[in-house]
Amino acid sequence: MSTKVNTEAPVPGMVPPLNRLVQIPGLKWLLLLIPLVYTAILLYYSMASVLKLSVYDDKGFTMQYLQQVFTEPLYLKVLWNTLKTSFIVMLVTLFISYPIAYLLVVMESERWKKVVLSLVMITLWISLLVRTFTWTVILQDQGIINKFLMSAGLISEPVKLMYNTMGVVIGMTHILIPYMVLSLYSVMEGIDRRLIQAAQGMGARPWKAFMQIFLPLSLPGVMSGSLIVFVLGIGYFVTPALLGGQGNMMISKLIQENIQMTLNWSMASAISVVLLVTTLILLGLAAWVARLSPLLKGEK
Amino acid sequence: MWLRLYVGVIMLLITLPILVLVPLSFSSQITFTFPPPSYSTKWYTAFLENSQWMDGLWRSLTVAALTAVVSTIIGTMASMAVQRLEFPGKKIFTNLIVAPMVIPVVVVGIAMYHTFSVYKLTNTITGLVLAHSILAIPMVFVTISASLKGMDRNLELAALSLGSTPIGVFFKVTLPLIKSAVMASALFAFITSLDEVVVSIFIAGASTKTLPIVMWENMRTQVDPTIAAASTLLIVGTVLLFSLQGFSRTGQKS
């Protein structure tokens, strides 16, 4: 594009020293080629060669490993646990994030809006390990919550808050909230607030105006935010590994254990294929939702 | 009113848990009793005097700085390509560049571990930088693309018509205009690398442990409050970087 305009001969003296370099035809395509080659070699070539192991072993092509993922109780249990946990996390995250995003949209004070957004962004920025670690401190048997409940006389012995699904859900929700808030906020911001004023002007109560106008218009954000949180959730490693127990392993941990403990590359690769395909399907769904939504189409 | 109250409570529930670590890092006890019975700075001393923690910290900072440089350059090239060139398959190219944001990190980790073992890149700083940059490039790409989309193309066209070369235009016109986005994206890349643990678990070896790896191993074996001190330092560092980035953004507007 830019070179088409440059039809005049460069004025001598005004041209930077890179002048001669620019004369090489097709140099601009390096902008495209360098990043492409870099990611292709480092990521896609590596991924292809490791995923190949799921269907090829020393004896040649085999479906044995993929079949194992879907038939052996251990793997099925991990798959089910991953989907279940991510689904709960997605729902909890949605219910917590919706009011935050809604308030961000309706709030008049620019300063408070900035405060809330900054808090959300800072939690996103703070180390994932630190955020997970802090929950291990809070949720353990001798942790703050149990101590408080016991001294308040509400319970007589510690409640198990971690090394179970509960702990994983709490930790993952805390970490994924910013993604949901930002997804919801970006869609809600595009909603024409005059529609609600109009509804209220015609006699709808605020609650009804919200339910019948705002909520349906925000659904694309709900859908894409939920899918993104779900996708990130099924791939999570650190938080489930630290807050979950032996009984509720997630897919990522299973892959890592197959590599680092049993050195079973084929199995790890087969599970990775399942994880990756699930992710791609969900992302495809998210893209489809975004495309189908008349709101998003109208806005662009 | 109820909404504000509700969101206020949620915001507290989101923020306070992180702050729990700050008083704990000043505890005089070896256990995580909250609130600590008495205060001391001994865990900070322990952090500063322990070579494992300090080496990890410096290694992490080195890797993060190198990752920031590499991924900012490559990410900027990719977004310039998408925003300024016409080519078929632009959408596919964009998807390939941003995909690491959503590909499960473990899959990226084992893939690189597999390939890097062949080329003797595991347990090297180079290997860590290469791996981290793949995860950081999408951040750079998204940030720079947004900035490029928002800038006035006419300024570039004017410079071209005045005889500047495309490369000259980039360094003299485009780059100064997107400067704050470039700095922000370098910061994102830096933080991405500084916090990266999953891929590092595979790539880092005994002699190239980064800070998150030291923390990770610590959490899984003998948790001692030194980790609370390390975490507090990370929190303070992050908040400082965040406000820095906030300043650069306000600077851009004015």
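See above for the structure.
The notes below deal with the structure included here.

Reading the values: the criteria
- Residues numbered from 1 in each chain as written.
- Chains lettered and ligands numbered in written order.
- Predicted model: local features only at pLDDT ≥ 70, side-chain atom pairs only at ≥ 80, totals over all residues.
- Heavy atoms only, no water.
- Helix = DSSP H or I, 4+ residues; strand = E, 2+ residues; numbered from the N terminus.
- Buried < 20%, exposed > 50% of the residue type's maximum accessible area, 1.4 Å probe, protein only.
- Contact = heavy atoms within 4.5 Å.
- Areas by Shrake-Rupley, 256 points an atom, 1.4 Å probe, with all protein chains shown as cover.
- Salt bridge = Lys/Arg side-chain N within 4 Å of Asp/Glu carboxyl O.
- Core = buried A, V, L, I, M, F, W, Y, C linked by side-chain atoms within 4.5 Å.
- Phe/Tyr/Trp six-rings, centres within 6.5 Å; stacked < 30°, edge-to-face > 60°.
- Lys NZ or Arg CZ within 6 Å of the ring centre and 35° of its normal.
- Buried area = accessible area lost by both parts, 1.4 Å probe.
- Polar contact = N/O pair within 3.5 Å; in protein donor to acceptor, adjacent residues only side chain to side chain.
- Nonpolar A, V, L, I, M, F, W, Y, C, P; charged D, E, K, R; others polar.

1. Quick look at the overall build of chain A
- For chain A, the count of helices and strands is 15 helices and two strands.
- The buried share of chain A, reckoned over its 300 residues, is 48%.
- Here the analysis covers contacts within chain A between residues at least 6 apart in sequence; of these, 71% occur between residues at least 24 apart.
- Per element, the accessible surface of chain A, about 15,300 Å² overall, is 68% carbon and sulfur.

2. Some points on the overall build of chain B
- Assigned secondary structure in chain B consists of 13 helices and zero strands.
- Starting at the N terminus, the α and β elements of chain B follow one another as α-α-α-α-α-α-α-α-α-α-α-α-α.
- Dimensions of chain B, computed from the C-alpha atoms along their principal axes, are close to 70 × 60 × 35 Å.
- Burial analysis of chain B (254 residues in total) assigns 54% to the buried set.
- Considering only intrachain contacts with a sequence separation of at least 6, the fraction spanning at least 24 residues in chain B is 70%.
- Counting every atom, chain B has about 11,100 Å² of accessible surface; 71% of that belongs to carbon and sulfur.

3. Considering the pattern of salt bridges
Residues and elements named next belong to chain A.
- The tally for this structure, following the rule as stated, stands at eight salt bridges over all chains.
- Residues lysine 113 and glutamate 110 are paired through a salt bridge, measuring 4.0 Å at the closest nitrogen-oxygen approach. Of the two residues, lysine 113 and glutamate 110 both sit in helix α6 (residues 110–125), three residues apart, roughly one turn of that helix.
- Note on lysine 113: relative accessible area 16%, which makes it buried.

4. Let's talk about the nonpolar core
- Counting residues in hydrophobic clusters, the biggest one holds 164 residues, and the most contacted among them are A:Ile100, A:Val238, B:Met112, B:Met215 and B:Trp216.
- The greatest single-element share of this core, amounting to 14 residues, is contributed by helix α5 (residues 73–106) of chain A.
- If near-sequence neighbours (up to four positions away) are discounted, B:Trp216 is found in contact with A:Leu129, A:Phe237, A:Val238, A:Ala241, A:Leu242, B:Val197 and B:Ile201.

5. Observations concerning the packing of aromatic side chains
- Applying the stated criterion across every chain yields a total of 16 aromatic pairs over all chains.
- With centroids separated by 5.1 Å and ring planes inclined at 75°, the aromatic side chains of A:Tyr102 and A:Phe210 adopt a geometry described as edge-to-face. Pair noted here: A:Tyr102 is in helix α5 and A:Phe210 is in helix α11 (residues 206–234), with a separation of 108 residues, a long-range link.
- Using a relative accessible area of 13% as the deciding quantity, one classes A:Phe210 as buried.
- Geometrically, the ring pair formed by A:Phe210 and A:Phe214 is stacked, given 5.8 Å between the ring centres and 20° between the ring planes. One end of the pair, A:Phe210, and the other, A:Phe214, are both in helix α11, four residues apart, so they sit about a helical turn from each other. For the pair formed by A:Phe210 and A:Phe214, the shared burial category is buried.
- Members of the aromatic cluster, each reached through a chain of ring pairs, are A:Tyr98, A:Tyr102, A:Trp207, A:Phe210 and A:Phe214.
- One residue, A:Lys52, lies across the ring of A:Tyr56, its end atom 5.9 Å from the ring centre.
- Over the ring of B:Phe87 we find B:Lys90; its NZ or CZ atom is 5.8 Å from the centre of that ring.

6. Some words on the interface of chain A and chain B
- Taken residue by residue, the interface counts 85 residues in chain A and 89 residues in chain B.
- Summed over both sides, the interface between chain A and chain B buries roughly 7,700 Å², with carbon and sulfur atoms accounting for 81% of that surface.
- Looking at the side of chain A facing chain B, the largest losses of area belong to A:Tyr38, A:Trp125 and A:Phe133, adding up to 11% of the total buried there.
- Where chain A packs against chain B, one counts zero salt bridges.
- Scanning the region where chain A abuts chain B turns up seven residue pairs in polar contact (both at pLDDT 80 or more).
- Here the side of chain A that touches chain B gets 16 residues from one element, more than from any other, and that element is helix α3 (residues 30–51) of chain A.
- Partitioning the side of chain A that touches chain B into residue classes produces 61 nonpolar, 18 polar and six charged.

7. Quick look at the environment of B:Ala230
Residue and element names in this part refer to chain B.
- As for its position among the elements, alanine 230 is in helix α13 (residues 226–253).
- Remark: the alpha-carbon pair of alanine 230 and proline 212, spanning 18 residues in sequence, is separated by 10.0 Å.
- When sequence neighbours within four positions are dropped, the list of residues in contact with alanine 230 reads Phe47 and Trp53.

Don't take any of this as a statement about function, it's just geometry.
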